[in-house]
Amino acid sequence: MRPVIPYVTAALLFGLGVYGVLRRRNAVLVLMAVELMLNAVNLVLVTADTTVRAALPHSGQVFALFVIVLAAAEIGVGLAIVLQLYRLRASVTVDDVPLGERAPAVPDEVRP
């Protein structure tokens, strides 16, 4: 069997995911692009498992399950960060997030 079609499909999905991450307009879209890349990796793992006979049987499918668990955890943490960002800034635009600046100091009048 020649697995050309699944590998090309996975490459296209991964390329689309990379484009979505590099474009980075909205934090939710970045999370979706990362999920697209993880699904492309799953497709490669399952295709390689069915075409290449390794020493361990079904090892590609087991790794794909681990990637699915990792994707679920990434979505949980990522959405929590996006919700907190939206509460603080009222926007989920990734370009407006200051990464290198420290938080502003609280004035002495506000402290109890």
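Residues numbered from 1 in each chain as written. Predicted model: local features only at pLDDT ≥ 70, side-chain atom pairs only at ≥ 80, totals over all residues. Heavy atoms only, no water.

1. Quick notes on the overall build of the protein
Applicable threshold: To qualify as a helix, a DSSP run of H or I must reach at least 4 residues; to qualify as a strand, a run of E must reach at least 2; elements of each kind are numbered from the N terminus. Think of it in three bands: with a 1.4 Å probe and only protein chains considered, a residue is buried below 20% of the maximum accessible area for its type, exposed above 50%, and partly exposed in between. Contact criterion: two residues are considered in contact whenever any of their non-hydrogen atoms come within 4.5 Å of each other. Here the accessible surface of atoms and residues is derived via Shrake-Rupley with a 1.4 Å probe, and residues count as covered only by protein chains that are part of the display.
In terms of helices and strands, the protein carries three helices and zero strands. In the protein, the order of α-helices and β-strands from amino to carboxyl end is α-α-α. In the protein, buried positions account for 21% of the 112 residues. Taking all contacts inside the protein whose residues are at least 6 apart in sequence as the whole, residues at least 24 apart take part in 57%. Carbon and sulfur atoms provide 70% of the accessible area of the protein, an area that totals close to 8,600 Å².

2. Some remarks on the side chain of asparagine 42
Locating asparagine 42 in the fold gives a position in helix H2 (residues 27-51). The exposure class assigned to asparagine 42 is buried, which follows from its relative accessible area of 10%. In this view, asparagine 42 contacts Ala64, Val67 and Ile68; residues no more than four positions away in its chain are not counted.

3. Looking at the confidence of the model for the protein
Formally: Confidence per residue, as judged by the predictor, is encoded in pLDDT with a range of 0 to 100.
Here the protein averages 82 in pLDDT, while 83% of its residues score no lower than 70. The secondary-structure element of the protein with the lowest mean pLDDT is helix H3 (residues 59-89), recorded at 86, while helix H1 (residues 4-23) shows the highest, at 92.

4. Description of a nonpolar patch on the surface
Applied cut-off: Patch membership is restricted to residues that have no salt bridge and whose relative accessible area is over 30%. Joining uses 9 Å for like charges and 5 Å for the nonpolar side chains Val, Leu, Ile, Met, Phe, Trp and Tyr. For this analysis, a salt bridge means a side-chain nitrogen from Lys or Arg found within 4 Å of a carboxyl oxygen belonging to Asp or Glu.
Together, Val4, Val8 and Leu12 give the surface a local cluster of nonpolar side chains, amounting to about 290 Å² of exposed area. Residue position: valine 4 is located in helix H1.

5. Comments concerning the environment of glycine 17
When you line up the elements, glycine 17 lands in helix H1. Not counting residues within four places of it along the chain, the set of residues in contact with glycine 17 comprises Ala33, Leu36 and Met37.

6. Observations regarding the packing of H1 against H2
Selection criterion: Lines fitted to the C-alpha atoms define the axes, with helices restricted to the stretch that makes contact. Angles between their N-to-C directions range from 0 to 180 degrees. Roughly parallel means an angle under 35 degrees; roughly antiparallel means over 145; roughly perpendicular covers 65 to 115; every other angle is labelled oblique. Handedness of a helix crossing follows the sense of rotation of the near helix relative to the far helix, less than a right angle counterclockwise being left-handed and clockwise being right-handed. As a working rule, the residues Ala, Val, Leu, Ile, Met, Phe, Trp, Tyr, Cys and Pro are called nonpolar, Asp, Glu, Lys and Arg charged, and the rest polar, with Gly in that last group.
Look at H1 against H2: their axes get within 8 Å of each other, and the N-to-C directions meet at 160°. Taken together, H1 and H2 sit at an angle that is classed as roughly antiparallel. Between H1 and H2 lies a crossing whose hand is left-handed. Residues Pro6, Tyr7, Thr9, Ala10, Leu13, Phe14, Leu16, Gly17, Val18, Gly20 and Val21 of H1 form the contact with H2, whose participating residues are Val30, Ala33, Val34, Leu36, Met37, Ala40, Val41, Leu43, Val44, Thr47, Ala48 and Thr51. Along the lines of polarity and charge, the residues of the contact of H1 with H2 split into 18 nonpolar, five polar and no charged.

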